[in-house]
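Remarks on the overall topology
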Amino acid sequence: MLEIRDVTRRFGKTVAVDAVSLDIAQGQMVGIIGRSGAGKSTLLRMINRLIAPSDGSIRFHGVEVSRLNGTALRRWQRDCAMIFQQFNLVPRLDVLTNVLLGRLNHRNTLLNLMTMFTREERLEAIAALERLNIAQTALQRAGTLSGGQQQRVAIARALMQGPKVILADEPIASLDPLNAKVVMDSLADINRREGLTVITNLHTLDTARQYCTRIVGMAAGRVVFDGAPEALTAETVRSIYGAEGDGFSDTITSTAIAAPQPARAPSSGRREPALAGG
Ligand SMILES: Nc1ncnc2c1ncn2[C@@H]1O[C@H](COP(=O)(O)OP(=O)(O)O)[C@@H](O)[C@H]1O
Ligand SMILES: [Mg+2]
């Protein structure tokens, strides 16, 4: 269980995240949606302690994450792997080495300096690539792969960390619809089969609806919606995306996964009219 209590983060006079409280049970797949600047990235970055909260408490299984340092902080950052919009691979290294880098903070510094990975670690990295259907790229330079393949390498690297939680910050915002679908399917599959908690920022409402069992809507640093996709009404969508909600259909659906979508989400009346044109 991840317990976020009254977490606030200020940057000078800007309140990026404003007294956010959320309880996230192990194994949930949570989509955080909201306009640019709503505080989504700041919230994720506080959870894995890339930045510290100004106020409030973040606990994982009862341990106060916001006060960890040294080894305990590194262990937490291993437990909650982060996936970024821009993949953050080392482009000049081959794919296999990029995946093995996910293992670095499991090991001691001397071993890291020698950059030797065991046969077992290599096999594990290949298995992670196979899991993401990209084992055939193992020896290519990461920079030569398509965006969709690079994001799958990043997910394989995250799996090499042996995490309990995966945090993904707009993982499909730079991808075309087909690759976006492959990446979201992979995250959903890992969530279901491994029981990993997945918390992902998404700026496309359709994707959040399709993949997440819980949606958190943020606006101006605050949580303005927290519930099942079915509970999102036209009114709550407007509270998340602003009063001009109707005008946002392009932004909201720009990287949405292309129709037609399978029977999972019956279309009868579920879609807001504001979004139907996207
Ligand atoms: N490092 C930073 N320094 C100053 N302001 C920041 C920083 N990071 C984020 N902000 C501000 O905090 C607010 C929330 O940003 P962010 O969390 O990136 O939103 P989102 O991910 O929803 O687009 C914005 O007003 C942004 O300009
Ligand atoms: Mg962001």
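Below is a summary of the structure that appears in this document. (Residues numbered from 1 in each chain as written. Chains lettered and ligands numbered in written order. Predicted model: local features only at pLDDT ≥ 70, side-chain atom pairs only at ≥ 80, totals over all residues.)

**Points about the sheet that holds strand E2 (residues 14-24)**
- Read from one edge of the open sheet, 4 strands run E2-E1-E4-E5, paired in antiparallel fashion. Since the sheet does not close on itself, it has two edges, and those belong to E2 and strand E5 (63-64), each with one partner.
- Relative to E2, strand E1 (residues 2-11) runs antiparallel, the two sharing 7 bridges. The residue of E2 that forms the bridge with Val 7 is Val 20. (Pairing = 2+ DSSP bridges. Helix = DSSP H or I, 4+ residues; strand = E, 2+ residues; numbered from the N terminus.)

**Quick word on the site of ligand 1**
- Phe 11, Thr 14, Ala 16, Gly 34, Ser 36, Gly 37, Ala 38, Gly 39, Lys 40, Ser 41 and Thr 42 make up every residue found near ligand 1.
- Counting residues per element, the ones that place at least two in the shell around ligand 1 are E2 and helix H1 (40-47).
- Ranked by residue count, the leading element in the shell around ligand 1 is H1, at 3 residues. (Near = placed C-beta within 6 Å.)

**Let's talk about the nonpolar core**
- In terms of nonpolar packing, the biggest core is built from 71 residues, with Val 99, Val 153, Ala 156, Ile 166 and Leu 167 touching the most fellow members.
- In terms of residue count, the dominant contributor to this core is helix H6 (residues 147-160) (7 residues).
- Contacts of Val 153, omitting those with residues within four sequence positions, involve Leu 89, Val 95, Asn 98, Val 99, Ile 134, Ala 142 and Leu 145. (Core = buried A, V, L, I, M, F, W, Y, C linked by C-beta atoms within 7 Å. Buried ≥ 20, exposed ≤ 12 C-beta atoms within 10 Å, placed from the backbone. Contact = placed C-beta atoms within 7 Å.)

**A look at H6**
- Helix length check: H6 (14 residues) gives 20 Å between terminal C-alpha atoms against 20 Å at 1.5 Å per residue, within 8%.
- With 13 of 14 residues buried, H6 lies mostly within the body of the structure.
- Positive phi appears at Gly 162, one or two residues downstream of H6, with a value of about 60 degrees. (Expected span 1.5 Å × (residues − 1).)

**Quick look at the sheet that holds strand E9 (residues 214-219)**
- Taken in spatial order, the 6 strands of this open sheet run E6-E7-E8-E3-E9-E10, and their pairing is mixed. Either end of the sheet is taken by a strand with one partner, and the two such strands are strand E6 (80-84) and strand E10 (222-227). Within the sheet, the average angular offset between the axes of one strand and its neighbour, ignoring direction, is 15 degrees.
- Pairing of E9 with E10, which is carried by 5 bridges, proceeds in the antiparallel orientation. Looking across to E10, one finds that Val 216 is bridged to Asp 226.
- Sheet strands touched by helix H9 (residues 234-241): strand E3 (29-33), E9 and E10. Its angle to E10, the strand with the most contacts, is close to 150 degrees. (Axes fitted to C-alpha atoms, helices over the stretch in contact; angles between N-to-C directions.)

**Points about the pairing of strand E7 (residues 165-169)**
- By the criterion of burial, E7 is predominantly enclosed, with 5 of the 5 residues buried.
- Neither face of E7 is left uncovered, since the one carrying Val 165, Leu 167 and Asp 169 and the one carrying Ile 166 and Ala 168 both have all their residues buried.
- Sheet analysis places E6 next to E7, joined by 5 bridges and oriented parallel. Bridge assignment links Ala 81 to a residue of E7, and that residue is Ile 166.
- Pairing of E7 with strand E8 (residues 197-201) involves 5 bridges; the strand directions are parallel. Looking at E8, one finds that Leu 167 is bridged to Ile 199.
- In this region the chain leaves E7, passes through helix H7 (residues 177-194) and returns to the parallel neighbour E8; the handedness of that crossover is right-handed. (Right-handed = clockwise from strand over helix to strand, strands pointing away.)

**Some points on unusual backbone geometry**
- Even without a glycine there, the phi angle at Arg 49 is positive, about 65 degrees.
- With respect to the helices and strands, the residue Arg 49 is situated in the loop between H1 and strand E4 (55-60).
- One non-glycine residue, Asn 88, lies in the positive phi region at around 55 degrees.
- Locating Asn 88 in the fold gives a position in the loop between E6 and helix H3 (95-100).
- Judged by local crowding, Asn 88 falls into the exposed class, with 12 C-beta atoms found within 10 Å.

**Notes on the packing of helix H5 (residues 119-131) against H6**
- Axis separation between H5 and H6 bottoms out at 9 Å; the angle between their running directions is 135 degrees. Here H5 lies oblique to H6, going by the angle between them. Helix-helix and strand crossings are classified by hand; for H5 and H6 the assignment is right-handed. The segment H5 lies against H6, with Glu 124, Ala 125, Ala 128, Leu 129 and Arg 131 engaging Ala 156, Leu 159 and Met 160. (Parallel < 35°, antiparallel > 145°, perpendicular 65-115°, else oblique. Left-handed = near helix turned anticlockwise from the far one by under 90°.)

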